[in-house]
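Structural description and commentary
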Amino acid sequence: MSTTHSPIRLLVVDDHNLFRRGLIALLGQDARLQVVGEAGDANQALSAARRLQPDLVLLDNHLPGVQGVDAIADLKQAVPGLRILMLTVSENVQDLAAALRAGADGYLLKTIHTEALCDSICKVWEGDAIISPEMMGKLVG
């Protein structure tokens, strides 16, 4: 990706504050990315998305109250053209299938390395669908 492009504007949604803050710090080291906001649950995510109009949401599935997958449609309705990349611990193939049905543009496990995550964010922003290799095997199987 050319450095003349403006950074991809990200909203990070995860209920674990320590993980969220660490992830934001790591993403901030990549010039292609700009974290514009964060949220700890689906309601905060929707409010922040409406206010900030991010390009892409990194969304955990296990959130208090409304699951991440159940927030996808509202997020996409609130921000036209929004891309959503699930970033979760869930290796459950039903969670993956539900996320894809709901309109997620990708599904990654939190075990991913930082550089691979940053590259995946860029690929999803460019229109590719990204699924963790571990999950792709389960989906195909």
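Below or above, wherever it landed, is the structure these notes cover. (Residues numbered from 1 in each chain as written. Predicted model: local features only at pLDDT ≥ 70, side-chain atom pairs only at ≥ 80, totals over all residues. Heavy atoms only, no water.)

Examining the sheet that holds strand 6 (residues 130-131)
- In spatial order, the strands read 2-1-3-4-5-6; together these six strands make up an open sheet with parallel pairing. The outermost strands of the open sheet, each flanked by one partner alone, are strand 2 (33-39) and strand 6.
- Summarising the sheet, strand 1 (residues 8-13) and strand 2 pair through six bridges and their orientation is parallel. Note on strand 2: the bridge partner recorded for Leu11 is Gly37.
- Sheet contacts for helix 2 (residues 42-52): strand 1 and strand 2; angle to strand 1, the most-contacted strand, approximately 160°. (Pairing = 2+ DSSP bridges. Helix = DSSP H or I, 4+ residues; strand = E, 2+ residues; numbered from the N terminus. Contact = heavy atoms within 4.5 Å. Axes fitted to C-alpha atoms, helices over the stretch in contact; angles between N-to-C directions.)

Looking at helix 5 (residues 114-125)
- For helix 5, spanning twelve residues, the distance from its first C-alpha to its last is 17 Å, which sits close to the expected 16 Å at 1.5 Å a residue.
- Buried within helix 5 are the following residues: Leu117, Cys118, Ser120, Ile121, Cys122 and Val124.
- The first or second residue beyond helix 5 is Gly127, which carries a positive phi of 110°. (Expected span 1.5 Å × (residues − 1). Buried < 20%, exposed > 50% of the residue type's maximum accessible area, 1.4 Å probe, protein only.)

Observations concerning the pattern of salt bridges
- The full count for this structure, using the stated rule, is eight salt bridges.
- The residue Lys110 makes a salt bridge to Asp60 at a minimum N-O spacing of 3.5 Å. Taken together, the residues Lys110 in the loop between strand 5 (106-109) and helix 5 and Asp60 in the loop between strand 3 (56-59) and helix 3 (68-78) connect sequence positions 50 residues apart.
- Residues participating in the shared-partner salt-bridge network are Asp14, Asp60 and Lys110. (Salt bridge = Lys/Arg side-chain N within 4 Å of Asp/Glu carboxyl O.)

Some details on a nonpolar patch on the surface
- On the surface, a cluster of nonpolar side chains totalling about 340 Å² of accessible area is made up of Leu100, Met136, Leu139 and Val140.
- When residues in the nonpolar patch are grouped by element, the largest group, three residues, is from helix 6 (residues 133-140).
- Locating Leu139 in the fold gives a position in helix 6.
- When its relative accessible area of 36% is taken as the criterion, Leu139 is described as partly exposed. (Patch = residues over 30% accessible without salt bridge, like charges linked within 9 Å, V, L, I, M, F, W, Y side chains within 5 Å. Areas by Shrake-Rupley, 256 points an atom, 1.4 Å probe, with all protein chains shown as cover.)

Focus: the nonpolar core
- The biggest cluster of nonpolar side chains holds 27 residues, and the ones touching the most others in it are Val13, Leu59, Leu75, Ile84 and Met86.
- Secondary structure elements with two or more residues in this core: strand 1, helix 2, strand 3, helix 3, strand 4 (83-88), helix 4 (93-102) and strand 5.
- Excluding residues within four positions of it along the chain, Val13 makes contact with Ala39, Asp41, Ala45, Val57, Leu58, Leu59, Asp60 and Leu63.
- Grouped together as the second largest cluster of nonpolar side chains are 18 residues, Leu10, Leu58, Cys118 and Cys122 included. (Core = buried A, V, L, I, M, F, W, Y, C linked by side-chain atoms within 4.5 Å.)

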